[in-house]
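A structural walkthrough
One-letter residues, chain by chain:
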Amino acid sequence: MTGHTLIARPKTTTDRARPLHCPRSAPGRLAPYARLFTVPGARAFTAGNLLARLPMGMLSVSAVIMIATTRGSYALAGAVTATGLAATGVVGPLTARLIDRHGQARIALPATLVAVAGAVLLAACVRSGAPGWMLFASYAATATTPNTGGLSRARWAHLFRTDPAARHTANSFEQAADELCFMAGPPLAAVLCTQLFAEAGTLVGAALLLLGMLIFTGQRSTEPPVAASSTGHAVPPLRLRALLPLLVAFLCTGGVFGAMEVATIAFADGQGQQGAAGVVLACQAMGSAAAGLFMGTVRPPATPLTRRFALCVGAVAVLALLPLTAAATGSLAVLAVALLVAGMGTAPAMVTGMTLIQETVPAARLNEGMTCAVTALLSGIAAGSAAGGWVAEHARHLSWPAAFTVPPTAAVLAAIAAFSALGLAEWRARQGR
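Presented here is an overview of the structure given in this document. (Residues numbered from 1 in each chain as written. Predicted model: local features only at pLDDT ≥ 70, side-chain atom pairs only at ≥ 80, totals over all residues. Heavy atoms only, no water.)

**So, the overall build of the chain**
When helices and strands are tallied, the chain shows 18 helices and 0 strands. Looking at the chain as a whole, 49% of its 433 residues qualify as buried. Of all intrachain contacts in the chain linking residues separated by at least 6 positions in sequence, the fraction that spans at least 24 positions is 82%. Summed over its atoms, the accessible surface of the chain is roughly 19,700 Å², and 67% of this surface lies on carbon and sulfur atoms. (Helix = DSSP H or I, 4+ residues; strand = E, 2+ residues; numbered from the N terminus. Buried < 20%, exposed > 50% of the residue type's maximum accessible area, 1.4 Å probe, protein only. Contact = heavy atoms within 4.5 Å. Areas by Shrake-Rupley, 256 points an atom, 1.4 Å probe, with all protein chains shown as cover.)

Next comes the structure, spelled out in structure tokens:
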């Protein structure tokens, strides 16, 4: 516009192609996701993160198959992977703290190199028949693997720090990505280890982790800056009273996942169809992924986050009763449907919980806070697997699937922790804190 003259530029072929990249051109349901990926660099760091996240579902399964195949001992394989999980619980939050202090690219890539070296060394030790203690040491080195999902969530939180609706969509997408990667990782690892050679799953997982992290950390324009208070003034997450009940809720929710997996495998084995257990468990992940993707397309309700999280975890506790009822029928098909429906309650709880942690933890400790949540979840999975396995082993003489009582029990404990977080938040609000 110049004075009173409107100058119109003719539409070119470039202009006609531009709406393909505009969120308004996407179907209504996909518009919130299209909006996320219009940010420069978002597609690249997401692609790299997905490549780096896929090995999270591959490495442990690959290690078990690799060690059990070559050494003939599932006990040794389980002990090695348990050691790696315990090491992750200690090293993971420390790695995240360094990332908060020095930035993603400066810490995440070197930490990934250490983890990849540990995975390659494990494969070499298995291939060469090295002593057992070397297997433990090499797999423990993989504990330096960064929390790739947390790194990606931190980028979204930075890019949309003033847009809660976009952060909600981004967290929903990340939850669906978690489910899809953990659903695709184990079958891929099993195919590589059984169809190629025993070490193939571990080596391919290490290569994907390194390639994905190189792509991810190469996108410096979307990397969140180091917060000024990260020099030591921010309160560590584990010292935040508001965070502790949330971590307990994540721990117990992990127990639901771990126990449900073992109970389903034991049930399928009892039916003489152990090979179908993976397909049945995939239904739970599919339900969660679908619910997560759908959740990102709707505007979050105005209910306070803490109350919403408590209600979502309560819904998980109710839905956890469905697999118990379905297993009583003795049908794997009915159990698969029940797991599909029960899985739909997982994503809302996890998305809301991660969003709540992002708002609870100081910005200078964001990666550390989310890594603490993931560590609690993994610890819960390990505890739930152990509890579910113990019940399944000692209740074989019963005519009903007793192992399926463990997931609802863990879910009830998670709901108690979530409602205690709600009570604490309301008490602090009344005190004006």
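**Topic: the pattern of salt bridges**
All told, the structure shown has 3 salt bridges when counted by the stated rule. The closest approach of N and O atoms between Glu174 and Arg53, which form a salt bridge, is 2.4 Å. Pair noted here: Glu174 is in helix α9 (residues 164-195) and Arg53 is in helix α3 (residues 42-53), with a separation of 121 residues, a long-range link. Like Glu174, the residue Arg53 is buried in the burial classification. Between Glu199 and Arg127 there is a salt bridge; the shortest N-O distance is 2.8 Å. Note that Glu199 is positioned in the loop between α9 and α10 (200-218) and Arg127 in helix α6 (residues 104-128), a separation of 72 residues in sequence. The class of Glu199 is buried, set by a relative accessible area of 5%. Taking the relative accessible area as the measure of exposure, Arg127 reaches 58% and is therefore exposed. (Salt bridge = Lys/Arg side-chain N within 4 Å of Asp/Glu carboxyl O.)

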